[in-house]
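Chains, contacts and geometry: an overview
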Amino acid sequence: MKIGIIGGGAWGTALAQVAAAGGEIVRLWALEPDVVAAINTGHENPVYLAGVPLAPSIQATGDLADLAGCDALLVVTPAQHVRAMLGGLNAAGKPLVLCSKGIEAGTQLLVSEVAAEVQPDAAIAVLSGPTFAHEVAKGLPTAVTLACADEAMAAALSARLARPHFRPYASTDVIGAEIGGAVKNVLAIACGVVEGRGLGLNARAALIARGFAEMTRFGLAKGARAETLAGLSGLGDLVLTCSSTQSRNFSLGKGLGEGRDAAVMMADRKTVAEGAFTAPVLQQAARAIGVDMPVVDAVCALLAGQADAEAVVGALLSRPLRAESL
Ligand SMILES: NC(=O)c1ccc[n+]([C@@H]2O[C@H](COP(=O)([O-])OP(=O)(O)OC[C@H]3O[C@@H](n4cnc5c(N)ncnc54)[C@H](O)[C@@H]3O)[C@@H](O)[C@H]2O)c1
Ligand SMILES: O=P(O)(O)OC[C@H](O)CO
């Protein structure tokens, strides 16, 4: 079996390692020629996943045509680049597993909705959950949601990607799995702000719980299932990403809380903090369907430089008191 992975960042490389651990032949497409060369000759991705020795059987390429013979494809580029990448593939009749977390700017489409437009004849699936790439690549225990509308395909892909340390749980709720991963990135920025301002662990827990209420309101309005949002790809990933500076989104928020400028921090990074791109489009999408997301609004105001961290925290704390509910 030959699996193609599109995206040689931290997560694509870690997933290549997972696939190779099960004896799959792995073709990994990466944008940067130096990443391709380093993986093929040194069996390491020093740019995005430094310090993790990779299986020598992983073959990297800069040419998407080299993935033509693969019988399943994993898409792992940042969400804003997925449409362009999919345009260069022929995935008709093949499983197309989307592993990016975000919402497309301009269209407000989830990644699976973008894929359905560009590759209508592929079997679209989503892999999402609490997964720091370094931990997965090192073989530490991890569980994910693997969602596909076709239940048998979800089960088959789960079985194909399962490893002793990597445990997919099958689901048919594609939209639910995606919404958790996209929204948690924005909420992780907010939790980072709490950390950066030294507001304490009570505040972080409150933000996770009320943030989860926002995720659930939005998800249910978009047709997600509550159990998916409360599972690995929703609450599970929210808890992980809101708890550690290993998260790029959390660390971006921490910098904002410390008074640093969003644009300067983003320009300094080669890695992606998806929440910064998702926040404004999520805000638009929520407003379009009348869903209130005050934490997301606060993150948007901060990222746009419309308010400082002290002001947005003050505004959240002075909202009218109300009953605890969704
Ligand atoms: N890193 C993780 O732990 C992790 C875990 C789960 C999901 N994800 C998701 O996976 C996706 C990829 O993140 P990552 O962490 O692997 O990336 P990364 O931050 O490690 O690297 C950035 C990636 O973006 C690629 N890139 C930049 N410009 C591009 C373009 N024009 N076209 C195509 N690719 C381009 C780079 O080549 C590189 O592979 C994101 O949606 C992220 O949310 C990441
Ligand atoms: O580093 P982050 O914030 O992109 O988070 C990585 C993964 O999405 C965690 O599941």
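In this text the structure is predicted, and so the values were computed from the model without any measurement. (Residues numbered from 1 in each chain as written. Chains lettered and ligands numbered in written order. Predicted model: local features only at pLDDT ≥ 70, side-chain atom pairs only at ≥ 80, totals over all residues.)

Quick look at the UniProt feature "active site" (unreviewed entry) in the protein now. Under the local residue numbering, the UniProt record ascribes the feature "active site" (unreviewed entry) to Lys-184. Within the fold, Lys-184 resides in helix α7 (residues 174–196). Residue Lys-184 is classed as buried on the basis of its C-beta count, with 32 C-beta atoms lying within 10 Å. (UniProt positions renumbered as here; feature names shortened; annotations may be inferred. Helix = DSSP H or I, 4+ residues; strand = E, 2+ residues; numbered from the N terminus. Buried ≥ 20, exposed ≤ 12 C-beta atoms within 10 Å, placed from the backbone.)

Turning to the site of ligand 1, a few remarks are in order. Taken together, 25 residues lie around ligand 1, and Gly-9, Ala-10, Trp-11, Ala-133 and Thr-271 are the ones closest in. The greatest single-element share of the shell around ligand 1, amounting to three residues, is contributed by helix α1 (residues 10–21). Class assignment for the residues of the shell around ligand 1 results in 12 nonpolar, 10 polar and three charged. Each of domain 1 (2–172) and domain 2 (178–317) accounts for three or more of the residues forming the shell around ligand 1. (Near = placed C-beta within 6 Å. Nonpolar A, V, L, I, M, F, W, Y, C, P; charged D, E, K, R; others polar. Domains from an automatic or database assignment.)

Near ligand 2, the surroundings consist of 13 residues, among which Thr-131, Asp-237, Ser-247, Arg-248 and Asn-249 are the closest. Of all the elements in the fold, those that place two or more residues in the shell around ligand 2 are α7, α10 (232–241) and α11 (248–257). With three residues, the single largest contributor to the shell around ligand 2 is α10. Residues belonging to the shell around ligand 2 are distributed by class as follows: four nonpolar, five polar and four charged.

Orientation of α7 relative to α11, taken along the N-to-C sense of each, is 40°, at an axis distance of 6 Å. Considering their axes alone, α7 and α11 lie oblique with respect to each other. Two packed elements cross with a definite hand, and for α7 against α11 that hand is right-handed. Each of Asn-185, Ala-188, Ile-189, Ala-190, Cys-191, Gly-192, Val-193, Val-194, Glu-195 and Gly-196 in α7 lies in contact with α11, whose residues at this interface are Asn-249, Phe-250, Ser-251, Leu-252, Gly-253, Lys-254, Gly-255, Leu-256 and Gly-257. By residue class, the composition of the contact of α7 with α11 is nine nonpolar, eight polar and two charged. (Axes fitted to C-alpha atoms, helices over the stretch in contact; angles between N-to-C directions. Parallel < 35°, antiparallel > 145°, perpendicular 65-115°, else oblique. Left-handed = near helix turned anticlockwise from the far one by under 90°. Contact = placed C-beta atoms within 7 Å.)

For Ala-315, the location among the structural elements is in helix α15 (residues 309–317). Residues Ala-315 and Ala-79, spaced 236 residues apart in sequence, show a C-alpha to C-alpha distance of 30 Å.

Annotation from UniProt places "binding site: NAD(+)" (unreviewed entry) at Gly-7, Gly-8, Gly-9, Ala-10, Trp-11, Gly-12, Ala-133 and Arg-248. Of note, Gly-7 is situated in the loop between β1 (2–6) and α1. Discounting residues that sit within four places of it in the chain, Gly-7 has contacts with Gly-12, Val-75, Val-76 and Thr-77. With respect to the element layout, Trp-11 can be found in helix α1. Note on Trp-11: 26 C-beta atoms within 10 Å, which makes it buried.

Next up on the list: the pairing of strand β7 (residues 142–148). With six of seven residues buried, β7 is to be regarded as a mostly interior element. One ladder, built from four bridges, connects strand β6 (residues 123–128) with β7; its direction is antiparallel. The residue of β7 that forms the bridge with Ala-125 is Cys-148. In the sheet, β7 pairs with strand β8 (residues 166–171) via six bridges, with the strands oriented parallel. Bridging from a neighbouring strand, Thr-145 pairs with Tyr-169 of β8. Where the polypeptide runs from β7 across helix α6 (residues 151–161) and back to β8, its parallel neighbour, the crossover connection is right-handed. (Pairing = 2+ DSSP bridges. Right-handed = clockwise from strand over helix to strand, strands pointing away.)

What follows is about unusual backbone geometry. Phi at His-43 takes a positive value of approximately 50°, unusual for a residue other than glycine. One can find His-43 in the loop between α2 (33–42) and β3 (58–61). We note that Gln-108 has phi near 60°; this positive angle belongs to a residue other than glycine. Tracing the backbone shows Gln-108 in the loop between β5 (95–98) and α4 (111–118).

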